[in-house]
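# Examining the three-dimensional arrangement
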Amino acid sequence: MQPPIPVDTVLQNRYRVLKILGQGGFGRTYLAEDQGRFNELCALKELIPTQTGGALEKSQELFAREATILYQIQHPQVPQFRATFEQDKRLFLVQDYVAGKTYRTLLDERMAVGKTFSELEVSQFLRSLLPVLAQIHSRGIIHRDISPENIILRSSDQLPVLIDFGVVKELATRFQSSSPESVATTVGKLGYAPTEQIQTGRAYPSSDLYSLAVTSVVLLTGKEPQQLFDDNQLTWDWQRLTNVSPKFAQVINRMLSMKPGDRYQNANDVLEALSSAPLSNVNTIAIGRRPDPVIPNRPNIPQPRGSSIIDNPWAIGAIGTFVVLVAGIGSWMLVSTLRSQQTTAPAPKQAFPSPIVLGTPTATVTVPPIPTTTPTSSGRVNYSQNLELTSGVTTLAQDNLKGNATISFPFNGTQGQKLTVSLADEGVLLSVVGPNQRAIDKTATRVPSYEGILPFTGQYAIILRTVKGVSESNYKLSVRLDNSVTPTPGLETPGNSPLPPTPIPSLSPTPSPPTPAPNEEVKPPLNGTPIPVPGQTSSEQIKHYFVNVESGKQLAIAVKRGAVKFSIYDPSGKKVESELLSWRGKVSSPGSYQIEVLPTQPGRITPFTINVSVSNKSAETY
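Residue numbers run consecutively from 1 along every chain, following the written order of its sequence. This being a predicted model, a pLDDT of at least 70 is required before a residue's local features are given, and a value of 80 or more before pairs of side-chain atoms are given or counted; all residues contribute to the totals for chains, interfaces and linings. The side-chain values count all of the structure's non-hydrogen atoms but skip hydrogen atoms and water molecules.

## Remarks on the sheet that holds strand β9 (residues 160-162)
When DSSP finds two or more bridges between a pair of strands, those strands are recorded as paired. Labels follow the DSSP assignment, with helices taken as runs of H or I lasting at least four residues and strands as runs of E lasting at least two, numbered in each case from the N terminus. Pairing is antiparallel in the open sheet, where 3 strands are placed in the order β7-β8-β9. At either end of the open sheet lies a strand with only one pairing partner, and these are β7 (100-102) and β9. Within the sheet, the average angular offset between the axes of one strand and its neighbour, ignoring direction, is 35 degrees. As defined by bridge partners, strand β8 (residues 151-154) adjoins β9 across 3 bridges and the pair is classed as antiparallel. Bridge pairing in β9 places I151 opposite L162. Its contacts with the sheet place helix α2 (residues 103-111) against β7, β8 and β9, and it is angled at close to 80 degrees to β7. Note on method: axes are straight lines fitted to C-alpha atoms, helices fitted across the in-contact stretch only, with angles between N-to-C directions ranging 0 to 180 degrees. We call two residues in contact whenever any of their non-hydrogen atoms come within 4.5 Å of each other.

What follows is the structure in structure tokens.
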């Protein structure tokens, strides 16, 4: 194996190596700065083929093919694959860097103080990860290496993120084997990977579910799989080491079945089973009569027997009268209290929201959301409750929301569907975010209602939060999806295209760009003279401009002042280029082009000036 790349080395004139994040038999992972993306942090995964000649060429072919597969994974809880390159006979993958701690580190920290994860936390952990597996499995991709080491609790939003897909390690195994075309591999950790994966190299969606269940029992017990699995009986012995509800244990044990056919066959089946599993929140305490104290060396002295009160009939009569009197007064006080509560006392509020989800006018289902395992640094508590939406049916969710809480309603949407969302109370506002965790439209952030077209297929979320200054408020959320809108041709779902998909802009409620307001339209002269366009932008209020360009004209855009970058969308809404400082190209499709200006430093309002020009000069788009 070649030596590690020195710190501060710049690869491809772009990626500056900062440090080594990890190393294994398949290669190394580096933390690097992407100088082509404003020094944004990224992860460089190095795969080192040990062969040369024709085998190396075959490895390069496999590398490119597997990289295409990784590019198809587009989920906010999976690091986005960015690029591949080769340098000095080393092959590299570029992915987003995820700041946070692995669940192995979190477990070690808890065990250091004698604690492990609770059923409530592991249940939320599963509910957060299973939708991720459902999406990647639907594209025919298996992770193959799920374990506490390969799941990070992201610091920014406290969501679990899947890293180190086994497909990369499988690729490295093929590189280092005598036959790069070999199919069977040993990808997966012993104890975490199921038998079929270890023995034959074949993996299925249920194989990932098995590994996820093993990870769950490790988090619950603090024990490694080898300590929990009985090799003689071929059974798992983990329930005696933790306190979980029988239904929850039943779900985990089915995921741990030795035979793939005995397990749940997909992640959605597990989610459905978990939704009907009550959580164990109360520890069982044995209650009984305290035994008489034992006093050592106490002599057995007979006690003199005096006259007992039971022997006095006058005393018995007095006691009976007293008991009847006390019982009558107590009953009268109890009835008076109950009547007073019915007329004056308000109904007690629950500690956690329990939204009532109405799927149809006649069906009412109450499903309490589960809080995230750790509150945010600001003390805010996050809740999540999946919405099962049916096209053409209005779904309602209603409850009380505290001022320090946020509730998210994830749901699956299809490109071209019409989404209608509204709130009936003024104390709560909603935001609609897409799979990229950004608002799907500039009008979908902190609003009382939203109506628009879903730009692509994936998991969306409706996020509710109280208005600033409101300590708590009731809410009634109405959500409806309709299939009446036909998707714009050319906006394919990422999984439907054999080539790496072009990200779809999520800034407009309709497939085509909206008609700009007068102050958003830019009208440069046609002689190529640039006009300065001033403005200000932020992560919450992204600035947009529109410029109408005829076919064959040359459009040029450049940042003149300010720490900003811009993206360009053509008249159909398709992204032309993204996150640029300057761009010049020949326009092939006439119409209104959209310029999206974003800050390079999130969290602050940034003033800027961009230059925009249109001319008759010919140029090639780049």
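Read on for the rest.
## A word on the side chain of S216
Mapping S216 onto the fold places it in helix α6 (residues 205-221). In contact with S216, other than residues within four places in its own chain, are V122, F125, L126 and I252.

## Observations regarding the packing of α6 against helix α8 (residues 246-255)
Where α6 contacts α8, the two axes come as close as 8 Å, and the packing angle between them is 135 degrees. In terms of orientation, α6 lies oblique with respect to α8. Packed against α6, whose contacting residues are L209, Y210, L212, A213, S216, V217 and L220, the element α8 presents F248, I252 and M255 at the interface. The classification used treats Ala, Val, Leu, Ile, Met, Phe, Trp, Tyr, Cys and Pro as nonpolar, Asp, Glu, Lys and Arg as charged, and all other residues, Gly among them, as polar. Residues that form the contact of α6 with α8 fall into these classes: 9 nonpolar, 1 polar and no charged. These descriptions rest on fixed angle ranges, namely under 35 degrees for roughly parallel, over 145 for roughly antiparallel, 65 to 115 for roughly perpendicular, and the rest for oblique.

## Remarks on the confidence of the model for the chain
Every residue gets a pLDDT, meaning the predictor's confidence in that residue, from 0 to 100. When the pLDDT values of the chain are averaged, the result is 75; 68% of them are 70 or greater. Low pLDDT, under 50, characterises residues 618-622; the predicted model gives this stretch 13 contacts beyond four residues in sequence or across chains.

## Describing a nonpolar patch on the surface
Each patch is built from residues lacking any salt bridge and having more than 30% relative accessible area; the joining distance is 9 Å for like charges and 5 Å for nonpolar side chains (Val, Leu, Ile, Met, Phe, Trp, Tyr). All accessibility values rest on the Shrake-Rupley procedure with a 1.4 Å probe; residue burial counts only the protein chains present in the view. Note on definitions: salt bridges are taken to be side-chain nitrogens of Lys or Arg within 4 Å of carboxyl oxygens of Asp or Glu. On the surface, L21, L41 and Y97 cluster together into a nonpolar patch covering about 230 Å² of accessible area. Inspection of the secondary structure assignment puts Y97 in the loop between β6 (90-96) and β7. In this structure Y97 comes out as partly exposed when scored by relative accessible area, which is 32%. The classification of residues rests on relative accessible area computed with a 1.4 Å probe and restricted to protein chains. Under 20% of the type maximum is buried, over 50% is exposed, and intermediate values are partly exposed.

## Focus on the packing of aromatic side chains
The pairing test for Phe, Tyr and Trp rings, Trp by its six-membered ring, is centres within 6.5 Å, and the orientation test on the planes gives stacked under 30 degrees, edge-to-face over 60, and tilted for anything in between. For the coordinates displayed, the defined rule picks out 8 aromatic pairs. For the ring pair Y103 and F125, a centre distance of 4.8 Å and an interplane angle of 55 degrees mean the geometry is tilted. With Y103 in helix α2 and F125 in helix α3 (residues 119-138), this pair connects stretches of sequence that are 22 residues apart. For Y103, a relative accessible area of 3% corresponds to the buried category. Residue F125 is classed as buried on the basis of its relative accessible area, which comes to 3%. An aromatic cluster of three or more residues is present, and its members are Y15, F85 and F92. A ring has a charge above it when a Lys NZ or an Arg CZ is no more than 6 Å from the ring centre and no more than 35 degrees off the ring normal. One cation-aromatic arrangement involves R110 over F117; the distance from NZ or CZ to the ring centre is 4.1 Å. Lying over the aromatic face of Y264, R254 brings its terminal NZ or CZ to 4.2 Å of the ring centre.

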